[in-house]
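Structure at a glance
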Amino acid sequence: MAALVRALLGRAQALPRAQPQPQPLPRAQRGVSGSAGARYGPVRPGLPVPLSSPLAGLTRPFRIREPPPPRRVDRWTEKRALFGAYDNVGILGGFQLHPKDLIMGPKWLRGWQGNELQRCIRKKQVVGDRMFVDDLHNLNKRIRFLYRRFNRTGKHR
C-alpha cells in the first residue's frame, strides 16, 4: 500500500503543471489627441502613475494644508486698553516724571526687560547677598536649569 501511494505521488510530481502566463504590462500614453505625444514606460500594477513619471516614487498625493481660521481677538484686555496710558505724563507733568517711576514692584526690576534667566541673574547680582540660604539655593538651581534649557533649545542658540 505504501509503495502504491509513493508511486502515485511520484507520478503527480512528475506531471507538468500548467503555469499562468504573465500578462504584458499596459503602456501609458499621454498626449493631446490620444495617440500622439510622449510615451511613458510600463505602468506598475496597482499604481495610477507610470514608472518613468516624476511622481512614480510618491506613495500618496501632496498634502496641502488650509490656512487656520482667523482667531477672535479680545480688543479690550487690560494690556490693550491701558496701552499708552502714561504717554502724557511727560507733557502734563513738565517732563519731571518718567513712566517707569509709576511702575510698582521691586526696585531692581522697574523699567527693565528680559527673560526669566536674565531676571534671575539680575536678582542674584542685586539682592543675592541679602537672601536667605534656602532662597539663594533655589535661585541658583533655577539659574542652572534655565541656563541648560536656553542653551539646548530655542531660537537663541
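Here's a quick rundown of the structure. Only a predicted model underlies this, so the values are computations on that prediction, with no experimental measurement involved.

**Here we look at the nonpolar core**
Counting residues in each nonpolar core, the largest one holds 5 residues, listed as Leu117, Cys120, Leu139, Ile143 and Leu146. When contributions to this core are tallied by element, the ones reaching two or more residues are helix H4 (116-127) and helix H5 (133-152). No other element matches H5, which puts 3 residues into this core. The residues contacting Ile143, other than those within four sequence positions of it, are Leu117, Cys120, Ile121 and Lys124.

**Points about a positive patch on the surface**
Taken together, Lys124, Lys141, Arg144, Arg148 and Arg152 make up a surface patch of like positive charges. Sort the elements by how many residues they give to the positive patch and H5 lands first, with 4 residues. Examined against the element boundaries, Lys141 turns out to sit in helix H5. Taking relative accessible area as the criterion, Lys141 reaches 39% and is therefore assigned partly exposed.

Rules used in this analysis
- Residues numbered from 1 in each chain as written.
- Predicted model: local features only at pLDDT ≥ 70, side-chain atom pairs only at ≥ 80, totals over all residues.
- Heavy atoms only, no water.
- Core = buried A, V, L, I, M, F, W, Y, C linked by side-chain atoms within 4.5 Å.
- Buried < 20%, exposed > 50% of the residue type's maximum accessible area, 1.4 Å probe, protein only.
- Helix = DSSP H or I, 4+ residues; strand = E, 2+ residues; numbered from the N terminus.
- Contact = heavy atoms within 4.5 Å.
- Patch = residues over 30% accessible without salt bridge, like charges linked within 9 Å, V, L, I, M, F, W, Y side chains within 5 Å.
- Areas by Shrake-Rupley, 256 points an atom, 1.4 Å probe, with all protein chains shown as cover.
- Salt bridge = Lys/Arg side-chain N within 4 Å of Asp/Glu carboxyl O.
- Lys, Arg positive; Asp, Glu negative; His and termini not counted.
- Charge placed at Lys NZ, Arg CZ, Asp CG, Glu CD.

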